[in-house]
Amino acid sequence: FQRGKRVLQSLECDALSFSSDDLLHLTLEIFLEQEFPKKVNVSEEKLKKFILCVRSCMFDNPYHNWFHAFDVTQTVYCMSLTGETYKTLTDVEYFALIVSALCHDLEHPGVNNPFLVSSRSDLATLYNDRSVLENHHCCRAFQADFVDRLLLCSDHHSAAYVTF
């Protein structure tokens, strides 16, 4: 974990060189380095529970797994710092960017949209054959937030929630 903190803001960070538990700590560190608990009024405890929930929602696929979720999150984080994108975003928008990166492939089944549509999967039917995986990942992100009672954004007023 400590060696990961040294490369967290660098593209030299290799997710596969860490344990799954190390990645939990490093993901939390991204949120803490940006002082999101203070900036967006979300407790560190809620963040910990949310990150654990995200990991539990990642299937054991060869590619779309917890390591991939961390890798994308860390890359987005690194690029937002390197390119100074974070300076153009509000705190809520920046927080949403990092959360979105973390949740972008929740419950990915390991197949693509055309396969889901052509096989007439339940997911394709649920989302009317339109952006099946994208809709599902987004839906699960909000379910991981609210249905599981983590209420990551519960303290946000309605305008901040809409932005999120």
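Residues numbered from 1 in each chain as written. Predicted model: local features only at pLDDT ≥ 70, side-chain atom pairs only at ≥ 80, totals over all residues. Heavy atoms only, no water.

Novice: A description of helix α4 (residues 44-57) should follow, citing residues and the corresponding values.
Specialist: If you check α4, its first and last C-alpha atoms are 20 Å apart, about what 14 residues at 1.5 Å a residue would give, namely 20 Å. Looking only at α4, the buried set comprises Leu 47, Phe 50, Ile 51, Cys 53, Val 54 and Cys 57. An end-on view of α4 places all buried positions within 160° of arc, on one side of the element. (Helix = DSSP H or I, 4+ residues; strand = E, 2+ residues; numbered from the N terminus. Expected span 1.5 Å × (residues − 1). Buried < 20%, exposed > 50% of the residue type's maximum accessible area, 1.4 Å probe, protein only. Arc of directions from axis to C-beta.)

Novice: Can you tell me about the environment of Ala 69, naming the residues and giving the values?
Specialist: Mapped onto the fold, Ala 69 is located in helix α5 (residues 66-82). Considered as a pair, Ala 69 and Ala 101 are 32 residues apart in the sequence and their alpha carbons are 7.2 Å apart.

Novice: Mind laying out the packing of α5 against helix α6 (residues 91-103), listing which residues take part and the relevant values?
Specialist: Where α5 contacts α6, the axes come no closer than 7 Å and their chain directions differ by 150°. With respect to α6, the element α5 is oriented roughly antiparallel. Between α5 and α6 the crossing geometry is right-handed. In this structure, α5 contributes Trp 66, Ala 69, Val 72, Thr 73, Val 76, Tyr 77, Ser 80 and Leu 81 to the contact, and α6 contributes Tyr 94, Leu 97, Ile 98, Ala 101 and Leu 102. Classifying every residue of the contact of α5 with α6 by side-chain character gives 11 nonpolar, 2 polar and no charged. (Axes fitted to C-alpha atoms, helices over the stretch in contact; angles between N-to-C directions. Parallel < 35°, antiparallel > 145°, perpendicular 65-115°, else oblique. Left-handed = near helix turned anticlockwise from the far one by under 90°. Contact = heavy atoms within 4.5 Å. Nonpolar A, V, L, I, M, F, W, Y, C, P; charged D, E, K, R; others polar.)

Novice: Help me get a handle on the confidence of the model for the protein, residues and values and all.
Specialist: Close inspection of predicted coordinates is inappropriate in any region flagged by low pLDDT. This prediction gives the protein a mean pLDDT of 89; 87% of its residues lie at or above 70. Confidence drops under a pLDDT of 50 for residues 146-150, and excluding neighbours within four residues, the segment shows 12 contacts in the predicted structure. (pLDDT = per-residue confidence, 0-100.)

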